[in-house]
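In case you want the letters, here they are:
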Amino acid sequence: MRKLTDKMNDLAVKGYVKGMQAKAKLAEVLSQKSGEGFVDTALKILISVVVGALLLAGLYTLFKDTILPYLVETKKDKVLSIWSAACSSGEEPYTISMILKEFFGSKAAAWDTRVLATDISQNALKAAKNAVYDEEALKELSADWKSKYFRPAGEPGTFTVAPEIKSNVIFRTFNLMDPIRFKLKFDVIFCRNVMIYFDQPTKDALVQRFYNATNPGGYLLIGHSESLNKTTTPY
């Protein structure tokens, strides 16, 4: 197994700074009296740094230049099994799907690159399936990616994910505390900025379940603020 936590930490400085800026904005909103549109405002602040967060954290380079070439070399069946655990409102799995599209290009049809995206929240999954984001949420994306992978939505200043990206993501309800019993084991599991909320025994048990659900040579990608115990982790 390959654990890339240290490399991810080195690449995550910009993502960390961006997250702290969002945290400051959110704290400002929470310090004010709640009123009409309060929840929407808070959610927009959280979402605004998620689209493109993989890119800011260096995961674009890591996933595209290190992980995918390794998997292409070793996956003779041309089936990639990728899981975005705790996918929230869909930004992470859609970004992963865009990276896959960029990497495979005209060869994409020869590969099964569908991304499984799960969350415990029905509201989050509803937003993810709707796949509509405002201008602020997309500001970190390049003009090229925005033109290729997004289309104008109904409301002015909003955009929806292109059909070829949207159709490559499969959404399911899943509680990370439950046993992991999907049909296939995974080559890559993204579980970013989730385990920071768990106590150590809960985190250790989840990592063991992830390991049991990962193919040999597979990857677990976690957030820059998270770490695994090098002496006890199975990865």
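The paragraphs below set out a description of the structure included in this document.

Rules and cut-offs
Residues numbered from 1 in each chain as written. Predicted model: local features only at pLDDT ≥ 70, side-chain atom pairs only at ≥ 80, totals over all residues. Heavy atoms only, no water. 1 Å grid on protein atoms, 1.4 Å probe; cavity = no way out; pocket = protein on both sides within 12 Å on 5 of 7 lines; lining within 4 Å. Points joined across faces, edges and corners; volume = space filled by probe spheres on them. Nonpolar A, V, L, I, M, F, W, Y, C, P; charged D, E, K, R; others polar. Bend = angle between axes of the 7 residues up to and from the residue. Helix = DSSP H or I, 4+ residues; strand = E, 2+ residues; numbered from the N terminus. Buried < 20%, exposed > 50% of the residue type's maximum accessible area, 1.4 Å probe, protein only. Phe/Tyr/Trp six-rings, centres within 6.5 Å; stacked < 30°, edge-to-face > 60°. Pairing = 2+ DSSP bridges. Axes fitted to C-alpha atoms, helices over the stretch in contact; angles between N-to-C directions.

1. Some details on the layout of surface pockets
- Of the voids in this model, the second largest pocket is the one considered here, and its volume is about 320 Å³.
- Lining the second largest pocket are 13 residues, with R114, L116, I170, L184 and F186 positioned closest to its centre.
- The residue inventory of the lining of the second largest pocket, partitioned by class, reads nine nonpolar, one polar and three charged.

2. Remarks on helix α5 (residues 59-74)
- A bend of about 35° at I67 is the largest found in α5, and the proline P69 appears one to four places after it.
- Considered for burial, the residues of α5 that qualify are L59, L62, F63, I67, L68 and L71.

3. Examining the environment of F210
- Relative to the assigned elements, F210 resides in helix α10 (residues 200-212).
- When its relative accessible area of 0% is taken as the criterion, F210 is described as buried.
- Sequence separation of F210 and V188 is 22 residues, and the distance between their C-alpha atoms is 10.0 Å.

4. Notes on the packing of aromatic side chains
- This model, assessed by the stated rule, comprises 13 aromatic pairs.
- Judged by centre distance (5.2 Å) and plane angle (40°), the ring pair of F104 and W111 falls under tilted.
- Centroid distance F182 to F186: 5.8 Å. Interplanar angle 80°. Geometry classified as edge-to-face.
- A residue is classified by how much of its surface remains accessible, and F182, at 28% relative accessible area, is partly exposed.
- One aromatic cluster is present, built from ring pairs that chain together W83, F174, F182, F186 and F210.

5. A closer look at the sheet that holds strand β6 (residues 158-161)
- Pairing within the open sheet is antiparallel, and its three strands lie in the order β4-β6-β5. Here the strands that pair on one side only, and so sit at the sheet edges, are β4 (132-134) and β5 (150-152). Shown here is a sheet whose adjacent strand axes are inclined to one another by a mean of 40°, direction ignored.
- In this sheet, β6 lies alongside β4 in antiparallel orientation, the contact comprising three bridges. Bridging from a neighbouring strand, D134 pairs with T158 of β6.

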